[in-house]
Amino acid sequence: SNSLSEKFSNSESLLSLFSTLYDKEQYSVAYAAGIKFVELALLQIPKNGHFKSRKYLKQRTRSATDALRVTKLLGGMLDEMEEDENG
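All values derive from a computational prediction rather than experimental measurement. Numbers given for residues are sequential positions, taken from 1 along each chain in its written order. Selection of residues for local features in this predicted model requires a pLDDT of at least 70, selection of side-chain atom pairs for listing and counting requires 80 or more, and totals for whole chains, interfaces and linings are taken over all residues. Note: side-chain values were computed over all heavy atoms of the structure, leaving out hydrogens and water.

Novice: Can you tell me about the pattern of salt bridges, naming the residues and giving the values?
Specialist: Charged atoms that come close allow side chains of opposite charge to pair. Salt bridges are defined as contacts in which a side-chain nitrogen from Lys or Arg sits within 4 Å of a carboxyl oxygen from Asp or Glu. In this structure the tally under the stated criterion is two salt bridges. The salt bridge partner of glutamate 12 is arginine 62, with a shortest N-O separation of 2.6 Å. One end of the pair, glutamate 12, is in helix 1 (residues 4–23); the other, arginine 62, is in helix 3 (residues 57–85), with 50 residues separating them in the sequence. Classification of glutamate 12 as partly exposed rests on a relative accessible area of 36%. Accessible area is worked out with a 1.4 Å probe on protein chains only. A residue is then buried under 20% of its type maximum, exposed over 50%, and partly exposed in between. Relative accessible area serves as the criterion here: at 42%, arginine 62 is assigned to the partly exposed category. Secondary structure elements are taken from DSSP: a helix is a run of H or I of four residues or more, a strand is a run of E of two residues or more, and numbering for both begins at the N terminus.

See the structure below:
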């Protein structure tokens, strides 16, 4: 099934994977997980017909807040990764 609840649950798993990898400073894998999370949170989930339902208000708000936070971290990680490559 491709329900919205399932999508939110997938995005939460990706977020916790991202956080774990980020904390371990495994930036390149964390970056990939983070991109996937943001894509799900900002592009795929909002396409769902039930997205605007009041039932999902909390998840929607949290998802948007997390996506914003992760996006900022991803930007910082890009700088880190470029510095690593340039020694």
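Novice: Break down helix 1 for me, with residues and values.
Specialist: Helices are assigned an expected span. That span is 1.5 Å times one less than the residue count. The end-to-end C-alpha distance of helix 1, which contains 20 residues, comes to 28 Å, matching closely the 28 Å that a straight helix rising 1.5 Å per residue would cover. Here helix 1 has its buried residues at Leu4, Lys7, Phe8, Ser11, Leu14, Leu15, Phe18 and Leu21. Take helix 1 and look down its axis: the buried residues cluster within an arc of 150°, on one side only. Contacts were defined at the residue level, with two residues in contact if any of their heavy atoms lie within 4.5 Å. Looking at the buried residues of helix 1, the elements they touch are helix 2 (27–44) and helix 3. Two residues or fewer past helix 1, glutamate 25 is found with a positive phi of approximately 60°. Think of the arc as the fan of directions from the helix axis to the C-beta atoms.

Novice: Which residues make up the packing of helix 1 against helix 2, and what are the values?
Specialist: In this analysis, axes come from line fits to C-alpha atoms, helices being fitted only over the stretch in contact, and the angle between any two N-to-C directions falls in the range 0 to 180 degrees. One can describe the packing of helix 1 onto helix 2 by two numbers: an axis separation of 8 Å at closest approach and a directional angle of 155°. It follows that helix 1 is roughly antiparallel to helix 2 by the angle criterion. Between helix 1 and helix 2 the crossing geometry is left-handed. Of helix 2, the residues touching helix 1 (which contributes Lys7, Asn10, Ser11, Leu14, Leu15, Leu17, Phe18, Leu21 and Tyr22) are Tyr27, Val29, Ala30, Ala33, Gly34, Lys36, Phe37, Leu40 and Gln44. Along the lines of polarity and charge, the residues of the contact of helix 1 with helix 2 split into 12 nonpolar, four polar and two charged. The labels follow the angle: roughly parallel below 35 degrees, roughly antiparallel above 145, roughly perpendicular from 65 to 115, and oblique for the rest. Should the near helix be turned anticlockwise from the far one by less than a right angle, the crossing is termed left-handed; should it be turned clockwise, right-handed. Polar here means any residue outside two lists: the nonpolar Ala, Val, Leu, Ile, Met, Phe, Trp, Tyr, Cys and Pro, and the charged Asp, Glu, Lys and Arg; Gly therefore counts as polar.

Novice: Just give me the short version of the confidence of the model for the protein, but keep the residues and values in it.
Specialist: Interpreting fine coordinate detail is not advised for predicted regions of low pLDDT. Confidence of the predictor at the level of single residues is given by pLDDT, which spans 0 to 100. Across the protein, pLDDT averages 93, with 98% of residues at or above 70. Across the protein, the secondary-structure element scoring lowest on mean pLDDT is helix 3, at 92, and the one scoring highest is helix 1, at 97.

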